[in-house]
Amino acid sequence: MILACTGCNRQSGEPIATMPVTDNATQQDLLAGGDETVTPENIVEDGMTPIDGEMILDGVYDIEVNSSSSMFQIVSCELHVSMGKMTATMTMSGTGYLYLFMGTGEEAIKLSEKNYIAFTENENGEYVFTVPVEALDKGIACSAFSKNKQKWYDRTILFRSDSLPITAFDESLVPTVSSLGLEDGEYEISVILEGGSGRASINSPVKLSIQDGQAIAEIIWSSSNYDYMLVDGEKYISNIINNQSVFEIPVLAFNYKLPVSANTTAMSTPHEINYTLYFDTESLVKL
């Protein structure tokens with residue numbers, strides 16, 4: 001077996017590890033077996049539709065990344081979008097991986113080292129990888145080469161569109177009151193709640209009021225245990241009607257999983273629970 005140097009520590013200049021280069025007879029030794037990995041988590045949620053870079057406005061955005069493995073965690077990530085192309089700068093939770101490959105480990109070992117994505121070190125000594133992003137809300141194969149085990153470990157990562165600000169999206173994808181040309185008045189619209197434990201629910205369809213180009217939705221929860229909601233950093237206090245928590249909150253955009261938080265008092269210690277609300281324009285009816 002021939003060993004090729006992977007590179008040097010970005011701060012000290014000292015060699016950090018070696019990368020095995022093998023013939024076909026020994027390549028299988030570079031792939032982690034099932035007994036060497038934790039059970040992968042399914043991170044692609046029902047109803048997710050891939051979103052490509054043409055639907056996102058040019059810019060740099062903080063974005064949440066889900067990983068199928070607890071041994072491969074991204075603590076922060078920046079999404080860079082330019083002319084329909086997306087890349088992500090991912091800061092890892094540890095320093096255990098030397099290379100990434102956007103594909104499977106089996107594919108990686110058939111290629112030369114120049115096809116692998118090496119890390120850089122930031123000022124805190126954290127490992128950072130910059131990777132191409134095929135689409136958001138899609139499971140993307142990403143194999144990671146372990147420094148200690150000298151093997152490729154297959155992972156799946158998912159860049160969540162619902163962690164981006166609404167201003168990141170083209171209005172054709174995330175319509176607003178203005179782009180829909182909605183007149184002031186009273187409407188009804190279906191809304192889908194996701195998140196939390198799944199025990200809570202809200203009434204649907206909901207009443208939607210539009211005044212001076214602003215949309216306000218009446219959200220009625222299945223219990224009276226929610227005392228406030230957070231929408232786009234603003235706090236909204238509940239009214240208790242018929243033993244249900246009722247809120248009036250702004251609808252910033254439609255056909256989009258609007259991130260919200262609701263503070264529950266049902267447990268021993270009140271705490272905020274993260275949800276999303278999806279207001280479906282196909283169900284919109286003027287009253």
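Residues numbered from 1 in each chain as written. Predicted model: local features only at pLDDT ≥ 70, side-chain atom pairs only at ≥ 80, totals over all residues. Heavy atoms only, no water.

J.: So what exactly am I meant to see when it comes to unusual backbone geometry here?
T.: The phi torsion of most residues other than glycine is negative, and most of the peptide bonds are trans. Between serine 204 and proline 205 the backbone carries a cis peptide bond, its omega angle lying at 5 degrees. Within the secondary structure, proline 205 is located in the loop between β13 (185–195) and β14 (206–211). One non-glycine residue, asparagine 243, adopts positive backbone phi at about 60 degrees. Within the secondary structure, asparagine 243 is located in the loop between β18 (239–241) and β19 (244–250). We classify asparagine 243 as exposed; its relative accessible area is 57%. In this model, asparagine 255 sits at a positive phi of 55 degrees, which is unusual for a non-glycine residue. Among the structural elements, asparagine 255 can be located in the loop between β19 and β20 (257–264). (Helix = DSSP H or I, 4+ residues; strand = E, 2+ residues; numbered from the N terminus. Buried < 20%, exposed > 50% of the residue type's maximum accessible area, 1.4 Å probe, protein only.)

J.: Even after reading the chapter, I still don't get the nonpolar core, so can you show me in this structure?
T.: One recurring pattern in soluble globular proteins is that nonpolar side chains are buried together. Counting 73 residues, the largest nonpolar core has Phe159 and Phe279 as its most contacted members. Here the element with the most residues in this core is strand β7 (residues 97–101); it accounts for five residues. Apart from residues lying up to four places away in sequence, phenylalanine 279 is in contact with Ile189, Ser190, Val191, Val206, Ala217, Ile219, Val251, Phe254, Asn255, Tyr256 and Leu258. (Core = buried A, V, L, I, M, F, W, Y, C linked by side-chain atoms within 4.5 Å. Contact = heavy atoms within 4.5 Å.)

J.: How should I be thinking about the packing of aromatic side chains in this particular structure?
T.: In this description, a pair of aromatic rings is defined by centroid distance and the angle of the planes. Going through the model one piece at a time under the given rule, you end up with 11 aromatic pairs. For the ring pair phenylalanine 119 and phenylalanine 129, a centre distance of 6.3 Å and an interplane angle of 70 degrees mean the geometry is edge-to-face. Placement of phenylalanine 119 in the loop between β8 (117–118) and β9 (120–121) and of phenylalanine 129 in strand β10 (residues 127–132) is noted, with a sequence separation of 10 residues between them. Of the two residues examined, phenylalanine 119 and phenylalanine 129, each falls in the buried class. In this structure an aromatic cluster arises from ring pairing among Tyr99, Phe101, Tyr116, Phe145 and Trp152. (Phe/Tyr/Trp six-rings, centres within 6.5 Å; stacked < 30°, edge-to-face > 60°.)

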